Amino acid sequence: MTTPLLLDALLPALTEWLPEQRWFAAKDRTVAAVRFVGHQEITPADAVPAVEHAVIAVSFTDGGPEETFQMLLATRPRVSGDLEHAVIGAVGDRMVYDGLADGEVSRLLLSMIVSDTTVGTLRFVPEPGVEAPVVGPGRPLLGEQSNSSVIYGERAIMKLFRRATPGLNPDLELHRALGRERSGEVAPLLGAIEGVLPAEEGEHADRGPLPMTVAMLQSYAANSADGWSMALTSVRDLLAEGDLRPDEVGGDFAGEAQRLGKTIASVHIELARGLGSDRLGSDGVAAVADWMLDRLDLAAAAVEVVAAQRDEIARVLQGVRAADGLLVQRVHGDLHLGQTLRTPRGWLAIDFEGEPSRPLHDRVRPDSPLRDVAAMLRSFDYAAFHQLAEWETGAEAPAYLQRRAQEWADRNRSAFCDGYAEIAGADPRDQLDVLRAYELDKAVYEVLYETRNRPNWLAIPLRSMARLVGDTAGA
Ligand SMILES: Nc1ncnc2c1ncn2[C@@H]1O[C@H](COP(=O)(O)OP(=O)(O)O)[C@@H](O)[C@H]1O
Ligand SMILES: O=P(O)(O)O[C@H]1O[C@H](CO)[C@@H](O[C@H]2O[C@H](CO)[C@@H](O)[C@H](O)[C@H]2O)[C@H](O)[C@H]1O
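Within every chain, residues take consecutive numbers counted from 1 along the sequence as written. Chain letters start at A and ligand numbers start at 1, both assigned in the order the entries are written. Confidence filtering applies because this is a predicted model: local features only for residues at pLDDT of at least 70, side-chain atom pairs given and counted only at 80 or more, and all residues used for totals across whole chains, interfaces and linings. Side-chain metrics rest on all non-hydrogen atoms present in the structure, leaving aside hydrogens and water.

**Let's talk about the site of ligand 1**
- Definition of nearness: a residue and a molecule or strand are near each other if at least one heavy atom of the residue lies within 4 Å of the molecule or strand. Neighbouring residues of ligand 1: 15 residues in total, closest Q145, N147, K159, S219 and A221.
- A distance of 3.0 Å is found between a nitrogen atom of ligand 1 and a backbone nitrogen or oxygen belonging to S219.
- We call two N or O atoms a polar contact when they sit within 3.5 Å, provided that within protein one can donate a hydrogen and the other can accept it, with sequence-adjacent residues counted only if both atoms are side-chain atoms. At 2.8 Å, a backbone N or O of A221 approaches a nitrogen atom of ligand 1.
- Calculation of accessible area relied on Shrake-Rupley with a 1.4 Å probe; when residues are assessed, cover is drawn exclusively from the protein chains displayed. When ligand 1 sits alone it has 550 Å² of accessible area, and the protein chains cover 86% of it.
- Class assignment for the residues of the shell around ligand 1 results in seven nonpolar, five polar and three charged.
- Here the shell around ligand 1 gathers at least three residues from each of two domains, domain 2 (103–219) and domain 3 (225–470). Note that Gly is not counted as nonpolar here; it falls among the polar residues with everything else outside the nonpolar set of Ala, Val, Leu, Ile, Met, Phe, Trp, Tyr, Cys and Pro and the charged set of Asp, Glu, Lys and Arg. In this entry, domain limits derive from an automatic or database-based domain assignment.

Here is the structure:
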């Protein structure tokens, strides 16, 4: 590999391979062409395995904007067994494959972080003052995720960010800030790989080289369960017991929801302490409302049911203007139950990247902590109605099940707010109009997200959108 000629020989195979990958976040578009915009050798080209970091730009048949992604490409003269599924194609006398699938490659990356190595434009940096993890091979994480992670013996987890975005990734930035605050609410950061998004040439020469985050290494939270799975189990227990109430069934989640509220309030306090906070005046609040309206118009342009209710939705979003001096700070930005882990000691929040489809400058903009609270309230609705969604694509689920699901959502939303208020010193429900605006903003985003990604789930945010537009009831 490494010479542009050899890389170019891989392009036809790569064009076929990319859309099959879970992390390829443009599955609704047809790939027209792929080109390499940068590559950096990590080992010599004749090593076994040989590894390099590559940045690719993908263009689409719709003529819309390109997307850039990063990859760790590895090569060997032959691959067998466990690596066969990761093969992209053959180039010269070597097989090229996705390097993260190879335990030897992930072992090498970890050892380079631990030993603070620089190779060309790539910096492998350990987090100052933290204990170096044991070096060993990594095991790829299987399952749903937007990026790609490998786990090192239940001690550490490394995430390769798949989008090649200039600037410091907010996931790394906020974990660093929370580490400085000695937060017990996130998994400690152990290190990172930092690189450079190369300057473009020719017709794309509109910028120079820019720093970019390649990967992040964290402590692995062993023996943990994610909040989404735990909540679904609780809802399943309840729906199976048609005549019992949420507080009467075995899997009641309200205690956990309350503890989770406390954890998120602590994260907010730590973020404000570490990175500051500000109180917006009326112009600032108007800008937040305008920004929500822009998001609404984006969704309305793509989804008819949003367009049909545009004005009613806009009226509720204007509720954010009720805030008298809205307090803003850095927040998680895409909080949901799947972004939380229950360890034997308590809850952790993970994945501070923000909403994946938003541009970086939007994701790092200070916002109200109520954005995260509202997003978590949305997640309780999702968990409650997820099992009924299949029904709702065809016939309505029986009314008694809908009532039970609603009771579960109400009970856990309320427990979460109780826990949050206990630590934050202010109850999010005291600013109902603002909270409702943030919740509706998220529900509109979800309608667009589900339309594009999981049409079977669309009924869940649609139901919430109707409730938030129609009712004035509390959280
Ligand atoms: N520190 C950690 N300890 C244990 N598991 C983790 C940790 N961080 C992430 N995970 C697991 O990895 C999955 C993907 O992580 P996440 O940061 O959400 O990646 P992505 O940005 O790709 O969505 C999570 O759902 C969780 O199961
Ligand atoms: O996890 P990501 O950062 O990729 O976030 C995106 O995908 C989420 C789904 O995986 C999506 O969350 C929505 O679905 C969840 C259930 O799967 C639910 O708990 C959330 O409340 C709901 O918003 C998230 O919005 C999207 O940005």
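**Some thoughts on the domain arrangement of the protein**
- When its domains are assigned, the protein resolves into domain 1 (4–98), domain 2 (103–219) and domain 3 (225–470).
- Computed from C-alpha atoms alone, the centre-to-centre distance between domain 1 and domain 2 is 19 Å.
- Only heavy atoms enter the contact rule, under which two residues are in contact if any of them lie within 4.5 Å. Counting residues at the interface gives 26 residues for domain 1 and 27 residues for domain 2.
- Accessible area that two parts lose when put together, with a 1.4 Å probe and added across both, is what the buried area reports. Summing both sides of the interface, domain 1 and domain 2 together bury roughly 2,200 Å²; the carbon and sulfur share of this comes to 57%.
- Note on definitions: salt bridges are taken to be side-chain nitrogens of Lys or Arg within 4 Å of carboxyl oxygens of Asp or Glu. Taken together, domain 1 and domain 2 are joined by three salt bridges.
- With a closest N to O distance of 3.3 Å, D98 and R162 form a salt bridge.
- A run of H or I in DSSP counts as a helix once it spans at least four residues, and a run of E counts as a strand once it spans at least two, with each numbered from the N terminus. Among the secondary structure elements, those contributing two or more residues to the side of domain 1 that touches domain 2 are β1 (31–41), β2 (50–60), β3 (67–76) and β5 (94–98).
- Sort the elements by how many residues they give to the side of domain 1 that touches domain 2 and β3 lands first, with eight residues.
- Residue composition of the side of domain 1 that touches domain 2, grouped by class: 13 nonpolar, six polar and seven charged.

**Here's the deal with unusual backbone geometry**
- The linkage connecting V48 with the following residue, P49, adopts the cis geometry, with an omega of -5 degrees.
- Residue position: P49 is located in the loop between β1 and β2.
- Residues other than glycine seldom take positive phi values, yet E154 does so here, at roughly 60 degrees.
- Along the chain, E154 falls in the loop between β9 (148–152) and β10 (156–160).

**Description of a negative patch on the surface**
- Patch members must show over 30% relative accessible area and no salt bridge, and they are joined within 9 Å when carrying like charges or within 5 Å when they are nonpolar side chains of Val, Leu, Ile, Met, Phe, Trp or Tyr. A positive count includes Lys and Arg, and a negative count includes Asp and Glu. His and the chain ends are not counted in either. For this purpose, a charge sits on NZ of Lys, CZ of Arg, CG of Asp or CD of Glu. Judged by side-chain charge, E241, D243, D247 and E248 come together as a negatively charged surface patch.
- By the element assignment, E241 lies in the loop between α4 (227–240) and α5 (254–275).
- Three exposure classes are used, based on accessible area relative to the maximum for each residue type with a 1.4 Å probe and protein chains only: buried under 20%, partly exposed in between, and exposed over 50%. The exposure class of E241 is partly exposed, given its relative accessible area of 37%.

**A few points about the pairing of strand β12 (residues 210–219)**
- Burial analysis of β12 places seven of its 10 residues in the buried class, the great majority of the element.
- Between any two strands, at least two bridges found by DSSP are needed for them to pair. Sheet analysis places β10 next to β12, joined by five bridges and oriented antiparallel. Bridge pairing in β12 places M158 opposite L217.
- Across eight bridges, the pairing between strand β11 (residues 189–197) and β12 is antiparallel. Note that in β12 the partner of G195 across the bridge is M212.

**Remarks on the confidence of the model for the protein**
- The share of residues in the protein with pLDDT of 70 or more is 94%, and the mean pLDDT across the chain is 91.
- Our summary of model confidence lists the complex with pTM equal to 0.92 and ipTM equal to 0.98. Here pLDDT means the predictor's own confidence in every residue, given as a number from 0 to 100.

**Details of the packing of α4 against helix α11 (residues 399–424)**
- Note on geometry: axes are lines fitted to C-alpha atoms, helical ones only across the stretch in contact, with angles between N-to-C directions running from 0 to 180 degrees. α11 packs onto α4 with a crossing angle of 140 degrees between their chain directions and a minimal axis gap of 10 Å. In terms of orientation, α4 and α11 fall into the oblique class. Note on packing geometry: the crossing formed by α4 with α11 is right-handed. Facing α4, whose interface residues are A231, S234, V235, L238 and L239, α11 presents L401, R404, A405 and W408.
- Class assignment of the residues belonging to the contact of α4 with α11 gives a composition of seven nonpolar, one polar and one charged. Every angle not falling under 35 degrees, over 145, or within 65 to 115 is termed oblique; those three ranges are roughly parallel, roughly antiparallel and roughly perpendicular. Take the far helix as your reference; a near helix turned counterclockwise from it by less than a right angle gives a left-handed crossing, and one turned clockwise gives a right-handed crossing.

**Some details on the site of ligand 2**
- Near ligand 2 there are 16 residues, and of these D334, S379, Y445, E446 and Y449 occur at the shortest range.
- Contact between ligand 2 and H336: an oxygen atom at 3.0 Å from a side-chain N or O atom of the residue.
- Within the side chain of Q339, one N or O atom sits 3.3 Å away from an oxygen atom of ligand 2.
- In the complex, 89% of the free accessible area of ligand 2, which totals 540 Å², lies under the protein chains.

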